[in-house]
Amino acid sequence: MNLSLRQTRIFEAVVEHGSITKASEQLHLTQPAVSMQLRKLEEAVGMPLMERVGRRLHLTDAGRELLKYCRRLSHTAREAEAVMKAMRELEHGSLSLAVASTVNYFATHFIAAFHARYPGIQISMEVTNRESLLQALRDYDKDLFLMGQPPADEALVVEPFMDNPLVVIAAPRHALVEVAEIGLERLQDEPFVVRESGSGTRMALEGFLAEHGLALASQMEMNSNEAIKQAVMAGLGLGVVSRHTVYLELGAGVLRELPVAGFPLMRQWFLVHRRDRPLSRGAEAFKRYILEQSQSGELERLPGKLMPLG
Ligand code: PGA
């Protein structure tokens, strides 16, 4: 069936007004042009769509049926127009992001996929720990934040978008690698390499141990996930990091995840922004993109592709 969007719009206008004259006025077309398009449409479907009753045109059964589809087609066309317009406007947008140092390990994969969709958006990303992120939020700095659990605060819009499993890591030669089930209290006896205070990972670990009435006896502090990984590999002790930061090392067998009771300690990643700082168009698009991908399960699959043991 050969029918054009132009014809469906003309048909809808004639139905709405019940008159060719009024429809042609609304569409700024001549009456013969409208009649001709309507006739062509009837020829295309092979049935009359309207019949004259007195001065008004009424729909036939076929007309009523076709109208439903015409409305859907125009709705889809309007939707496409709106999306294209938004994309055009996004050609020169910008996005300033600040992410937790742990988020850095996967955020770039999201950014690469987002950049492929909106290549015109200029992106800047700052990588820092939880405490500095909270300061940047207070300072109205940056459009969007990707971080662990933010504080309860009415001024913030907070959307969870992905799981964050914290795991205990050890060097492959560590004695505990041979143990099939490790009790949580066993961790107290082990030297640990932990993140700096101000890190969300550290806060979560300490909170979890305190809930169980435990504390680490011996710990060395380092201010990055990379430093912790290297220290654990060098045999300085055990570490607790997000599994997102060690997928390569676990895959290569240079680090091992220990089966400790209560681990992985399941946390969540959140997309956060201030309610009273309007989002740039680029930031709005990124937020929409992350939430869409999160709902469809795509985000979980993205770092998962890189995580053979995930
Ligand atoms: P961080 O990660 O440890 O790099 O601050 C953020 C978080 O887990 O909340």
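Conventions and cut-offs
Residues numbered from 1 in each chain as written. Predicted model: local features only at pLDDT ≥ 70, side-chain atom pairs only at ≥ 80, totals over all residues. Heavy atoms only, no water. Helix = DSSP H or I, 4+ residues; strand = E, 2+ residues; numbered from the N terminus. Buried < 20%, exposed > 50% of the residue type's maximum accessible area, 1.4 Å probe, protein only. Arc of directions from axis to C-beta. Contact = heavy atoms within 4.5 Å. Pairing = 2+ DSSP bridges. Near = heavy atom within 4 Å. Polar contact = N/O pair within 3.5 Å; in protein donor to acceptor, adjacent residues only side chain to side chain. Areas by Shrake-Rupley, 256 points an atom, 1.4 Å probe, with all protein chains shown as cover. Nonpolar A, V, L, I, M, F, W, Y, C, P; charged D, E, K, R; others polar. Domains from an automatic or database assignment.

1. What to know about unusual backbone geometry
As a rule of thumb, non-glycine residues mostly have phi less than zero, and peptide bonds are mostly trans rather than cis.
Right, on to step 1. Across the junction of F263 and P264, the peptide omega takes the value 0°, indicating a cis bond.
Right, on to step 2. Structurally, P264 can be placed in the loop between β10 (256-257) and β11 (265-274).
Right, on to step 3. One non-glycine residue, Y140, adopts positive backbone phi at about 60°.
Right, on to step 4. Relative to the helices and strands, Y140 resides in the loop between α6 (130-138) and β5 (144-147).

2. Details of helix α8 (residues 225-233)
Right, on to step 1. Where α8 is concerned, the buried positions are N225, I228, K229, A231 and V232. End-on, the buried residues of α8 take up no more than an arc of 165°, which puts them together on one face.
Right, on to step 2. Summarising the contacts, the buried residues of α8 are in contact with α5 (104-117), β6 (156-170), β7 (191-195), β8 (218-222), β9 (238-242) and α9 (247-252).

3. A look at the pairing of strand β3 (residues 94-100)
Side chains on a regular strand alternate between the two faces of the sheet.
Right, on to step 1. Among the seven residues in β3, six count as buried, and that is most of the element.
Right, on to step 2. Across seven bridges, the pairing between β3 and strand β4 (residues 122-128) is parallel. In the strand pairing of β4, L97 is matched with M125.
Right, on to step 3. Sheet topology note: the β3/β5 ladder contains three bridges and is parallel. Residue pairing in the sheet places A98 in a bridge with F145 of β5.

4. Looking at the site of the ligand
Right, on to step 1. What surrounds the ligand is the set A100, S101, T102, N129, R130, G148, R195, S199, G200, T201, R267 and W269.
Right, on to step 2. The backbone of G148 places a nitrogen or oxygen atom 3.4 Å from an oxygen atom of the ligand.
Right, on to step 3. Interatomic distance of 2.6 Å between a side-chain N/O atom of T201 and an oxygen atom of the ligand.
Right, on to step 4. Surface burial for the ligand is 100%, taken as the share of its 280 Å² of free accessible area covered by protein chains.
Right, on to step 5. Going through the elements one at a time, α7 (200-211) and β11 are the ones with two or more residues in the shell around the ligand.
Right, on to step 6. A breakdown of the residues in the shell around the ligand according to their chemical character gives two nonpolar, seven polar and three charged.
Right, on to step 7. When residues of the shell around the ligand are assigned to domains, at least three fall in each of domain 2 (91-162 + 268-306) and domain 3 (164-266).

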